[in-house]
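Here's the letter readout for the chains.
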Amino acid sequence: MSSDSSTNQQWGGRFSEPTDAFVQRFTASVDFDQRMYKQDIEGSIAHATMLAKVGVLTNEERDQIITGLRQVEEEITNGTFQWSVELEDVHMNIEARLTQLIGITGKKLHTGRSRNDQVATDIRLYLRAEIDLINEELKRLQTGLLDLAEREAETIMPGFTHLQTAQPVTFGHHLLAWFEMLKRDADRLADCRKRLNQSPLGAAALAGTSYPIDRAYTAELLGFSKPTENSLDSVSDRDFAIEFCAFASILFTHLSRASEELILWTSAQFNFINLPDRFCTGSSIMPQKKNPDVPELVRGKTGRIHGHLIALLTLMKSQPLAYNKDNQEDKEPVFDAVDTVKDCLRAFADMIPAIEAKKDSMYESAKRGYATATDLADYLVRKGLPFRDAHEVVGRSVAFALEKNLDLYELELEQLQQFSDIIGEDVFEVLTLEGSVAARDHFGGTAPNQVRQAIARARTEMSPW
Ligand code: ARG
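Position numbers for residues count from 1 along each chain, tracking the sequence in the order it is written. In keeping with the predicted nature of the model, local features appear solely for residues at pLDDT of at least 70, side-chain atom pairs appear and are counted solely at 80 or more, and the whole-chain, interface and lining totals rest on all residues. Side-chain descriptors were evaluated using all non-hydrogen atoms of the structure, hydrogens and water having been removed beforehand.

Q: Sorry if this is basic, but what is going on with a nonpolar patch on the surface here?
A: Residues with no salt bridge and a relative accessible area higher than 30% make up the patches, which join like charges within 9 Å and nonpolar side chains (Val, Leu, Ile, Met, Phe, Trp, Tyr) within 5 Å. Reported accessibility uses the Shrake-Rupley method at a 1.4 Å probe radius. Residues are deemed covered only where the shown protein chains occlude them. We define a salt bridge as a contact between a side-chain nitrogen of Lys or Arg and a carboxyl oxygen of Asp or Glu at a distance within 4 Å. On the surface, Phe22, Val23 and Phe26 cluster together into a nonpolar patch covering about 330 Å² of accessible area. Numbering of helices and strands runs from the N terminus; a helix is a DSSP stretch of H or I covering at least four residues, while a strand is a stretch of E covering at least two. Its location among the elements puts Phe26 in helix α1 (residues 21-27).

What follows is the structure in structure tokens.
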């Protein structure tokens, strides 16, 4: 029985009726996967080049295909290309147009491959290029943090645990904590890129192909480190997409933590920083308002990023080998994650260097809340008191000061001496904020001196690639 002439051109041979119009739209991916057209064309050029090398295509056919594909690329880039939902996806749209342009030779391009290895190749190439852009933006943010930390190496602010004043820290030190989070994110991104950068091309539908293909050659042409090992795994593996979303999820956990602090710090109650107006918006009803929309939105977008990770994990869970149509659902989460990561990193990289620290206000805040109580205990320990007893003495001093509505450094020497007679005039040196931060002068500590050394180290070892 011959097929109905209105069935699909690419695979309609065994079909006796055309696809239902709704099913056609339901199963098509062209609306979103056209984003990968450049990668699809690069993959096809590498494939055709390899087919000519091993003698499956003539050099003439290869050149015709390459010229045709470059023309298709030009049409897509300049917006004249007609995408068609009947042709389902980016791969078949491009191949059909190629055949229109160069005739019968276009139909030879698909020799020895399948859309299954083709799409796996495209999405790896796409994500690799985006990862490189994201890495640049991440580095820009990291550099901005280091520059700000350098300016604020001596600025004193309260450090918190349980969001209660704990001990004084330098603002530079706080910013370097954010830097460390991002450094681990950059390492994870580099690690994701390493495993992603292998070529599935040649796995064909699932079992490989009977043509004498050279997979190492296509891998090399496309800049992959090597071909993937197993054809079944090659067409079904989407770990790299999951890993990218895992990287993005942890990154956003960090960005949302930083956002939360920025939002708190811009409030009148904290009053630690000013965000320039260009990063804020106003209220249509309350004329006094200046809202920190940029960090709020980054904090909010964390939800969709975490959602994409869960979507991909769930997509891949329980899939039998090898390719299943389910895999088409990998693209939208990956694309949206890429866009969101790029936008939010850009917003942060622009905003961080523009932060204005309100040093006096931070300093006043650190002076409230008994931030140097631990320093007093350490002082007593140096004078011979066991730490637990010192803790008790300071606790009673704080209770006394609280009752008088004073801070520790505001008490008279005689008042402090009621709780321990080993307290001398020199106690006031340790009760100052400057003394407290300067004393934490060891690797990883908050002393301005350590902050400067940490910045110098960070600048030399910042980028994993
Ligand atoms: N649009 C498909 C996807 O994104 C391409 C691969 C289709 N393969 C197939 N055997 N139907 O996964």
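Structure's up, so let's keep going.
Q: Explain the site of the ligand to me, please; I cannot follow it from the model alone.
A: The local shell around the ligand consists of Ser29, Asp33, Asp89, His91, Arg115, Asn116, Val119, Tyr323, Gln328 and Lys331. In protein, a polar contact requires one atom able to donate a hydrogen and another able to accept it; more generally it is a pair of N or O atoms within 3.5 Å, and residues adjacent in sequence count only if both atoms are side-chain atoms. One nitrogen or oxygen atom from the side chain of Asn116 is found 2.9 Å from a nitrogen atom belonging to the ligand. For the ligand, whose unbound accessible area comes to 340 Å², protein coverage reaches 86%. Here the shell around the ligand gets 3 residues from one element, more than from any other, and that element is helix α6 (residues 115-151). Its residues placed into classes, the shell around the ligand shows 2 nonpolar, 4 polar and 4 charged. Residues are classed as near a molecule or strand on a simple rule: at least one heavy atom within 4 Å of it. Asp, Glu, Lys and Arg are counted as charged, while Ala, Val, Leu, Ile, Met, Phe, Trp, Tyr, Cys and Pro are counted as nonpolar; the rest, among them Gly, fall into the polar class.

Q: Quick question: what am I supposed to make of the nonpolar core here?
A: A general feature of soluble globular proteins is that nonpolar side chains tend to end up buried together. What makes a nonpolar core is a set of buried Ala, Val, Leu, Ile, Met, Phe, Trp, Tyr and Cys residues whose side-chain atoms join them at distances within 4.5 Å. Each residue is placed in one exposure class: buried if its accessible area under a 1.4 Å probe, protein chains only, is under 20% of its type's maximum, exposed if it is over 50%, and partly exposed if it falls in between. In this structure, Phe244 and Leu255 are the most contacted members of the largest nonpolar core, which totals 72 residues. For this core, the elements supplying multiple residues, two or more each, are α6, α7 (171-196), α10 (239-266), α11 (293-316), α12 (331-351) and α19 (448-460). Top contributing element to this core by residue count: α10, with 13 residues. Between two residues, a contact is recorded if the distance between any of their heavy atoms is within 4.5 Å. Excluding its chain neighbours within four sequence positions, the residues that come into contact with Leu255 are Leu141, Leu182, Val298, Cys344, Leu345 and Phe348. Formed by 21 residues, the second largest nonpolar core is a distinct cluster that contains Tyr370, Leu376, Leu413 and Ile423.

Q: I'm lost on the pairing of strand β1 (residues 156-161) in this one. Help?
A: Working note: regular strand, side chains alternate between the two faces of the sheet. Note: β1 against strand β2 (residues 164-170), 6 bridges, orientation antiparallel. Across the sheet, the residue bridging to Phe160 is Thr165, located in β2. For two strands to be treated as a pair, DSSP must find no fewer than two bridges joining them. From the end of β1 to the start of β2, which pair antiparallel, there are 2 residues, and His162 there has a positive phi angle of about 55°.

Q: For this particular structure, what's the right way to read the environment of Ala322?
A: Summarising the element assignment, Ala322 is placed in the loop between α11 and α12. Counting along the chain gives 309 residues from Ala322 to Gly13, while the straight-line C-alpha distance between them is 23 Å. With sequence-adjacent residues up to four places away left out, Ala322 is seen in contact with Leu206, Leu232, Val235 and Ser236.

Q: I keep staring at the environment of Glu414 and nothing clicks. Help me out?
A: Relative to the assigned elements, Glu414 resides in helix α16 (residues 413-417). For the pair formed by Glu414 and Gly424, sequence separation is 10 residues and the distance between their alpha carbons is 9.3 Å.

Note that all results are geometric; they support no functional claim without further evidence.
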